[in-house]
Amino acid sequence: MSDDLIFLMALITFFMRYAFFMEKLPVKLDLRVQRFLSYTAPCILTAMAAPIVFGEVTFNTHDLANPFLLGGILTIMLSLLVKNTLFVVLASMGIFFALKALL
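Residues numbered from 1 in each chain as written. Predicted model: local features only at pLDDT ≥ 70, side-chain atom pairs only at ≥ 80, totals over all residues. Heavy atoms only, no water.

## Remarks on the layout of surface pockets
Rules: Only protein atoms enter the 1 Å grid, on which a cavity is a set of points fitting a 1.4 Å probe that cannot get out and a pocket is an open set with protein on both sides within 12 Å along at least 5 of 7 lines, lining residues being those with an atom within 4 Å of a point. Grid points are joined across faces, edges and corners, and a volume is the space filled by probe spheres set on the points. Each helix corresponds to a stretch of at least 4 residues labelled H or I by DSSP, and each strand to a stretch of at least 2 residues labelled E; elements are numbered beginning at the N terminus. Ten residue types, Ala, Val, Leu, Ile, Met, Phe, Trp, Tyr, Cys and Pro, are classed as nonpolar, four, Asp, Glu, Lys and Arg, as charged, and the remainder, Gly among them, as polar.
Within this model, the largest pocket holds a volume of roughly 910 Å³. Among the elements of the structure, helix 1 (3-19), helix 3 (40-55), helix 4 (67-81) and helix 5 (85-102) are those that each provide at least two residues to the lining of the largest pocket. Classifying every residue of the lining of the largest pocket by side-chain character gives 22 nonpolar, eight polar and one charged.

## A word on the packing of aromatic side chains
The following threshold applies: Stacked, tilted and edge-to-face are the three classes applied to pairs of Phe, Tyr and Trp rings, where Trp contributes its six-membered ring and a pair requires centres within 6.5 Å; stacked means planes under 30 degrees apart, edge-to-face means over 60, and tilted covers the rest. Between buried and exposed lies partly exposed: a residue is buried under 20% and exposed over 50% of the maximum accessible area for its type, with that area taken using a 1.4 Å probe on protein chains only.
Following the criterion strictly, the structure yields three aromatic pairs and no others. Considering the side-chain rings of F68 and F96, the 5.0 Å spacing of their centres and the 45° angle between planes classify their relative orientation as tilted. In this pair, F68 sits in helix 4 while F96 sits in helix 5, placing the two residues 28 residues apart along the sequence. By relative accessible area, which is 12% here, F68 ends up buried. For F96, a relative accessible area of 9% gives the class buried. In this structure an aromatic cluster arises from ring pairing among F68, F96 and F97.

## What about the pattern of salt bridges?
Basically, it comes down to this: When a carboxyl oxygen of Asp or Glu lies within 4 Å of a side-chain nitrogen of Lys or Arg, that pair is called a salt bridge.
All chains considered together, the criterion is met by one salt bridge. R32 is the partner of D30 in a salt bridge, and the nearest nitrogen-oxygen pair spans 3.2 Å. Owing to a relative accessible area of 38%, D30 belongs among the partly exposed residues under this scheme.

## Some points on helix 3
Rules: Multiplying 1.5 Å by the residue count of a helix minus one yields the expected span of that helix. Bend at a residue means the angle formed by two fitted axes: the first through the 7 residues ending at that position, the second through the 7 residues beginning there. Note on definitions: a residue-residue contact is assigned when non-hydrogen atoms from the two residues lie within 4.5 Å.
Along its 16 residues, helix 3 runs 23 Å from first to last C-alpha, staying within 8% of the 22 Å computed at 1.5 Å per residue. Largest kink in helix 3: about 35°, centred on A49, with the proline P51 one to four residues after it. All of the buried residues along helix 3 are A41, I52 and V53. Of the surrounding secondary structure, the elements contacted by the buried residues of helix 3 are helix 1, helix 2 (31-37), helix 4 and helix 5.

This is the structure in structure tokens:
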């Protein structure tokens, strides 16, 4: 999967979530619905990223240098520490691109 597609998927996920929280949007959502929607970005990103990360893993010694696996692990750790979804997405993309360039 190319780097452009990963970036495009992250943008689509962010803007689909952001559209519901814009103040100019005439639809007002219940607090429960807003709380429910706060889980959509992590769920969608997980559904898109899991096949990419674990589809390439065969758990031999060469896979320890897999930027997809290392980026996924670092993203999980970052998301546990930071609750800002946009920051986690952007930081983890930066981490992934750095790992891909280095490895």
